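Residues per chain, in single letters:
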Amino acid sequence: MQSTPDEIGRRLRERDRSAAPAALNLIEDRTPRGREATARLLAEVSPAALGGEAPAHLIGVTGPPGAGKSSLLSALVSVWRERGRTVAVLAVDPSSKRSGGALLGDRARIEHDPRDDGVLIRSTAAGGRLGGLAAATREAAEALAAAFDLVVVETVGVGQSETDVEEVCDTVVVVVQPQSGDVLQFLKAGIMEVPDVLVVTKADLGAPADRARRDLQQAVGAVGAGRVPVLAVSSLPPGSGVEELADAVDAHRAALDADQRRPRSRRMSALRELTAEHGERALRALGGRREAERLLAGQDPRTGTAELVALLERSIEA
Amino acid sequence: MRTYAGHSSARESNELYRRNLAKGQTGLSVAFDLPTQTGYDPDHELARGEVGKVGVSIAHKGDMHALLDGIPLDEMNTSMTINATAAWLLALYMTVAEENGVDRRALQGTTQNDIIKEFLSRGTYAFPPEPSMRLIADMIAFTVDEVPKWNPINICSYHLQEAGATPVQEIAYALSTAVAVLDRVRPRVPEETFPRVFGRLSFFVNAGIRFVEEHAKLRAMGLLWEELGRERYGVEDPKLLRFRYGVQVNSLGLTEAQPENNIIRIVLEALAVTMGRDARARALQLPAWNEALGLPRPWDQQWSLRIQQILAFETDLLDYPDIFEGSKVMDGLVDELIEGARAEMAVVAERGGAVEAVPYMKTQLVESHRERVRRIEAGELKVVGQNVYTEHEPSPLQEGEDGGIMRVDAAVERSAIEAVGEWREGRDAAAADRALEELRAAAADEETNIMPATLAAARAGLTTGEWAAALRDVFGEYRAPTGVSDAAAAESDEELDDLRERVERVSESLGRRIKILVGKPGLDGHSNGAEQIAVRARDAGMDVVYEGIRLTPARIARTAVDEGVHVVGLSILSGSHAELIPTVLEELREAGADVPVVVGGIIPKADEEALLAAGVARVYTPKDFQVSRIMGDIVELVAQHHGAAAAA
Ligand code: B12
Ligand SMILES: Nc1nc2c(ncn2[C@@H]2O[C@H](COP(=O)(O)OP(=O)(O)O)[C@@H](O)[C@H]2O)c(=O)[nH]1
Ligand SMILES: [Mg+2]
């Protein structure tokens, strides 16, 4: 049964989970044929087609490799399922540079019932010669947001990740393990933007986790973000702090004005994608960044990112 | 001398044991099936295809009674190859003794009980590392006084070499494991008892085809063990400091091609552990000539037993004192190994010891094995009959109707499923519930020794699956690290470059990178093949999803669909392919996955046709040692199936 891109998009809009893998396959397809199909698919799930911003909560989970992100997601997924929420996880793995291939290992850490339609996990490799991953992940998140209650993007990085993943997310959770000083230093030095929620994993290790939590709390306080929750969790059974984290993430979403934030991030993503695709030259052709931003701001706030990029491209040609 | 045996039902195994005992065998060596080893009852989804396959299924004390019926337990020395569920099987054994009026203090035997090597190689773990170590420490602390003639643990380096370990790694990781165990037991026993605990530890090691170096390895282990006892643990009694070990010789190097050559390899390997008196094995198990074909038949086992008997009774091997005493070459080899092992043990210690270092050690093993596979493929490591001298006459050994291997009757599983259901119906439900509660409470409290509650559970008629499920509930589920993610990228060579080029071309035509799922359905723990395939596929430029061992067919199908893979590769070596592969195909179809499926592992020729007819695209066995060639096939298959531009 081969569905057309529009059908796949429509099924997602109707929250048909079985359309999700096909949607992701299309979105990852970087051939012109695939790009065109993706544009059609995304049009079906754009805010305009949905009649408003997708109700899903988009969550970014980032942190250094080995910090415990995937294990934490394993614990979070089970809490969310107990609370009746459906979850899609997009796990972005660093890839082997030499061959372009990658061993996608996050999935193995996220325990879930394979017969539960309320969970979907998709792994992708960062980079790779076929390129354009950042855009694919954003598009995947946008598409899945039509069909799931929560869409989580797991990426490696500390704060200033090169991808635009964080731009797309409503809530950014930065995950560190005890005794990893980098994040603390970055925060103190103001190099790193303060995330929406900070998590110290491996709380079962005891004192070191506790100390890390206090240090981080102090550091965010020092840069004037004392309200940002800093939580210590253990993902190993019996686990601790995971329910609280789920609550903190919810609270952040509740306080957020998605109608404001999402159109702005779509505009930023559109510009980023334009330059990734055509270089800075494209911006100059539009009369500079400021001018391009103004052009985008003049559009219907419900316009999807793909359409915004297309609009910019058309303006250059014109 | 005894043979490692057990299959299908407890009753049939009992008959086999009685026959062997009547022939003069003095002990029992019990092989359990994989569900029993991993803590699942025969009716569990994961047990499918495995009940009674590679050993006997023991689900409760009733089965244990049947297994030991008519066997005098106070005179028996019973060795059980059991690890994650060792506490439980020992409890069942003790319960049977108790109900037959045998004093537990008279019981003699061994439980293998080395969980670290299960995480690193053997795969029959059930709980996360820390709680698993606690169970071991509890057993040691309990048996040292209650069942004083029992060897509660046998540290295994055998399985490490089977997963690719070099001699240095084999020594270092096994001794690091011993340290991790001893460090945990020390606070749980009175100080004056501790030297006896040290003396109770015995080892199960490997002996490979480079038999001179392997002999040096055993001498090195003996010296390091003594040093450890003296320096780290302050043990002084020379008797307690002796390195006691049994051996199973290498099986990884036994080939499917020209399998008769394996007998020669086995003889040479046996020499490694018998040549020098100062490092001679206390017990020896030899695999059979048809190791890489399937399970051995009684005749095949007899042939291997005869090797030992000829060595012991016809040769002059046992007539001399240590023949290597004063040998400069031997001493040099030993020193080199000791030095290497010390350095590697220091690395493990720096990472927090054997438990913490499991991910590190696993990655090292995958790397070593990769190097081995690469050298065989490149012809640098010569394997006669496989990559050199491959021309051959037809082998008369494989002419029989059975293809030269033993087959297990599939009906065993059905009757075991019924029987366990009836058992649960028939017992005192209230007593079982109470025992389960008690067990859970004991598990949740680290300070409580698990053995008393486990014994109570055995008496109350709980099942293997119930015991393990209660502990899984408290300790959590666990998936061991696969070692593949951190395996370094391969050096490029012409063949690999060519492969990458093809992967690149097909990927471009597909629009996204070729994505492969490498899956291990069921309880089979043989991960070597899957790991090597996964790493090579990555090195060839594919995106690889590999979730490790022990997956249900449903999980494989879900992963295949959700991950959008272009091809599924399944690996099964345990003999459950006939049951499991069609189920995976069925689940894939139901899930709507339109992808080619390839299968690798121990697949007898006669079964290959059936798999192909069921829809499998290709079948690979150990004779297909050229992994690059397998990769090329897969690229081709993906291109064809998904209508991408030709790979060639
Ligand atoms: C090494 C080994 C072990 C190691 C495994 C270590 C590990 N982590 O993998 C250890 C020592 C732990 C072990 C334990 C056991 N083993 Co064992 N083991 C072997 C042995 C000697 C070699 C297998 C191997 O690793 N080969 C090297 C790899 C690279 O080759 P391979 O897996 O065959 O893969 C190649 C091809 O088959 C193919 N391939 C394989 N998978 C895939 C997948 C894909 C996608 C593709 C494309 C290709 C492909 O490509 C590979 C490249 O050439 C075989 C016998 C033999 N010589 O083959 C017995 C064997 C498989 N074991 C056997 C048994 C019975 C056991 C035990 C049950 C013994 C026991 N009672 O305790 C336990 C069970 C463990 C468990 N949890 O399941 C039996 C199985 C019998 C059967 N099928 O009927 C065998 C056949 C030995 C025998 N004759 O009795 N074993
Ligand atoms: N002790 C402890 N270890 C953890 C915890 N969470 C993760 N780990 C371990 O940390 C390592 C990395 O975990 P993983 O989830 O893969 O990290 P990621 O790379 O950030 O996704 C693994 O060995 C985990 O078992 C935790 O809460 N406590
Ligand atoms: Mg991860």
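See above for the structure.
Residues numbered from 1 in each chain as written. Chains lettered and ligands numbered in written order. Predicted model: local features only at pLDDT ≥ 70, side-chain atom pairs only at ≥ 80, totals over all residues. Heavy atoms only, no water.

Colleague: Is there a simple way to explain the overall build of chain A in this structure?
Modeller: Tallying secondary structure elements over chain A gives 15 helices and eight strands in all. C-alpha atoms of chain A, sized along the principal axes, occupy 60 × 45 × 45 Å. Within chain A, buried positions represent 54% of all 318 residues. A separation of at least 24 residues holds for 74% of the contacts in chain A among residues at least 6 apart in sequence. With an accessible surface of roughly 13,700 Å², chain A has 49% of that area assigned to carbon and sulfur atoms. (Helix = DSSP H or I, 4+ residues; strand = E, 2+ residues; numbered from the N terminus. Buried < 20%, exposed > 50% of the residue type's maximum accessible area, 1.4 Å probe, protein only. Contact = heavy atoms within 4.5 Å. Areas by Shrake-Rupley, 256 points an atom, 1.4 Å probe, with all protein chains shown as cover.)

Colleague: Mind showing me how you'd approach the coordination of the magnesium ion (ligand 3) here?
Modeller: All names here are of chain A. In the first shell of the magnesium ion (ligand 3), the protein supplies Ser70 (OG), Asp106 (OD) and Glu154 (OE), at 2.1 to 2.2 Å from the metal. Mapping the donors of the magnesium ion (ligand 3) onto the primary sequence gives the spacing S-x35-D-x47-E. In this pair, serine 70 sits in helix H5 (residues 69-82) while glutamate 154 sits in strand S5 (residues 150-156), placing the two residues 84 residues apart along the sequence. The exposure class assigned to serine 70 is buried, which follows from its relative accessible area of 6%. (Donors = N, O, S within 2.8 Å, 3.2 Å for Na, K, Ca; no water.)

Colleague: I'm lost on the pattern of salt bridges in this one. Help?
Modeller: A side chain with one charge may pair with a side chain of the opposite charge, provided their charged atoms come close. Residues and elements named next belong to chain B. Taken as a whole and judged by the stated rule, the model has 76 salt bridges over all chains. A salt bridge links glutamate 380 to arginine 374, with the nearest nitrogen and oxygen atoms 3.1 Å apart. For arginine 374, a relative accessible area of 33% gives the class partly exposed. The partner of glutamate 547 in a salt bridge is arginine 555, with the nearest N and O atoms 2.6 Å apart. Among the residues examined, glutamate 547 registers a relative accessible area of 3% and is labelled buried. On the basis of relative accessible area, arginine 555 is assigned to the buried category, the value being 5%. (Salt bridge = Lys/Arg side-chain N within 4 Å of Asp/Glu carboxyl O.)

Colleague: Looking at this structure, I do not really get the site of ligand 1. What am I missing?
Modeller: All names here are of chain B. Every one of the 42 residues lining ligand 1 counts as a neighbour, but Arg122, Glu291, Gly294, His526 and Leu573 are closest to it. One of the backbone nitrogen or oxygen atoms of glutamate 291 is found 2.6 Å away from a nitrogen atom of ligand 1. Between ligand 1 and asparagine 528 there is a distance of 2.8 Å, counted from an oxygen atom to a side-chain nitrogen or oxygen. Contributing elements (two or more residues each) for the shell around ligand 1: helix H5 (116-122), helix H7 (158-162), helix H21 (528-539), strand S11 (567-572), strand S12 (597-601) and helix H25 (627-641). Grouping the amino acids of the shell around ligand 1 by side-chain chemistry returns 19 nonpolar, 18 polar and five charged. (Near = heavy atom within 4 Å. Polar contact = N/O pair within 3.5 Å; in protein donor to acceptor, adjacent residues only side chain to side chain. Nonpolar A, V, L, I, M, F, W, Y, C, P; charged D, E, K, R; others polar.)

Colleague: What am I meant to see in helix H3 (residues 61-68) of chain B here?
Modeller: Within an α-helix, residues lying three or four positions from one another point in the same direction, as the helix has 3.6 residues per turn. All names here are of chain B. Taking burial as the measure, the eight residues of H3 include six buried ones, the bulk of the element. Listing the buried residues of H3 in full gives Lys61, Asp63, Met64, Ala66, Leu67 and Leu68. Along its buried surface, H3 packs onto helix H1 (10-22), strand S1 (27-31), strand S2 (77-81), helix H4 (86-99), helix H16 (411-426) and helix H18 (450-459). A positive backbone phi angle near 75° is found at glycine 70, which sits one or two residues after H3.

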